[in-house]
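Remarks on the overall topology
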Amino acid sequence: MEHNFEQAWLLALEERFGVQAKIGQIALDNRPRMLIYYFEDFPAKDMLTAVTSGLSNANHPNWVHGKPELSFSLYTKDTGWGSAAAYIAQSFFNDSSFHYQASFKLDHPMSKDSAMNACFVYRPPFMNEEQIKFELPDRTIFLAGLFPMYDEEIKMYETIGTKDFWNTPGFDPYNPRRASIANQG
């Protein structure tokens, strides 16, 4: 059953994105299986989009119309971002709804190419409301974007909210090496 879902999800993503994926797997002791699908040069040249496959096997009471899978889309070649998305999905499996505006923090940087160790959830900006919804044979998935931030930005983000954080000068949702915006405004 799991393999059928993984194959259906991969095909749905490849069809929607128009790009073939490379597949990675994260294995953590006592955690659910999680694959990561990597899409190179998507949604633009020199970008990497990493999408989880396995979070939607979880259950949460807030998931009425569908279940999430997580994604990072960044100007990077570092697959550590996909590993970070899978780690977050595994760590909060069945415990978080991964709703828009939720934020997550790790004890270490999410990748080798950035000091960022936190992120928040929101709609991927290169997709509209219809494009984030995927109807698979056994479930409906809503693709949720993860956007990296620095530890010191978490308080600012939680205080001003997604829209104002997003519109703060210096914030770039696709740049994992941007400077911190915590001391602005």
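Now for a quick tour of the structure. Here the structure is a predicted model, which is why all the values come from computation and not from measurement.

1. Some points on helix α3 (residues 154-166)
The terminal C-alpha atoms of α3 lie 13 Å apart, and with 13 residues this falls more than 12% below the ideal 18 Å at 1.5 Å per residue. At Ile160, α3 is bent by approximately 110°, the largest bend along its length. In the core, the buried residues of α3 are packed alongside β5 (103-105), β6 (118-122) and β8 (140-149).

2. Thoughts on helix α2 (residues 80-91)
Compared with an ideal rise of 1.5 Å per residue, which puts 12 residues at 16 Å, α2 spans 16 Å between its outermost C-alpha atoms and is within 8% of the ideal. Where burial is concerned, most of α2 is hidden: 10 out of the 12 residues are buried. Of the positions making up α2, those classed as buried are Gly80, Trp81, Gly82, Ala84, Ala85, Ala86, Ile88, Ala89, Gln90 and Ser91.

3. Overview of the pattern of salt bridges
Under the counting rule described, the total for this entry stands at 10 salt bridges. For Asp151, the salt bridge identified is with Lys105, shortest N-O distance 3.3 Å. Here Lys105 lies in strand β5 and Asp151 lies in the loop between β8 and α3, a separation of 46 residues in the sequence. The class of Lys105 is partly exposed, set by a relative accessible area of 45%. Here Asp113 ties to Arg177 by a salt bridge, and the two come within 2.9 Å at their closest N and O atoms. Of the two residues, Asp113 is situated in the loop between β5 and β6 and Arg177 in the segment after α3; the sequence distance between them amounts to 64 residues. Here Arg177 falls in the partly exposed class, since its relative accessible area comes to 47%. Connected through shared salt-bridge partners, Lys45, Asp46 and Lys77 make up one network.

Conventions and cut-offs
- Residues numbered from 1 in each chain as written.
- Predicted model: local features only at pLDDT ≥ 70, side-chain atom pairs only at ≥ 80, totals over all residues.
- Heavy atoms only, no water.
- Helix = DSSP H or I, 4+ residues; strand = E, 2+ residues; numbered from the N terminus.
- Expected span 1.5 Å × (residues − 1).
- Bend = angle between axes of the 7 residues up to and from the residue.
- Contact = heavy atoms within 4.5 Å.
- Buried < 20%, exposed > 50% of the residue type's maximum accessible area, 1.4 Å probe, protein only.
- Salt bridge = Lys/Arg side-chain N within 4 Å of Asp/Glu carboxyl O.

By themselves these figures say nothing about function.
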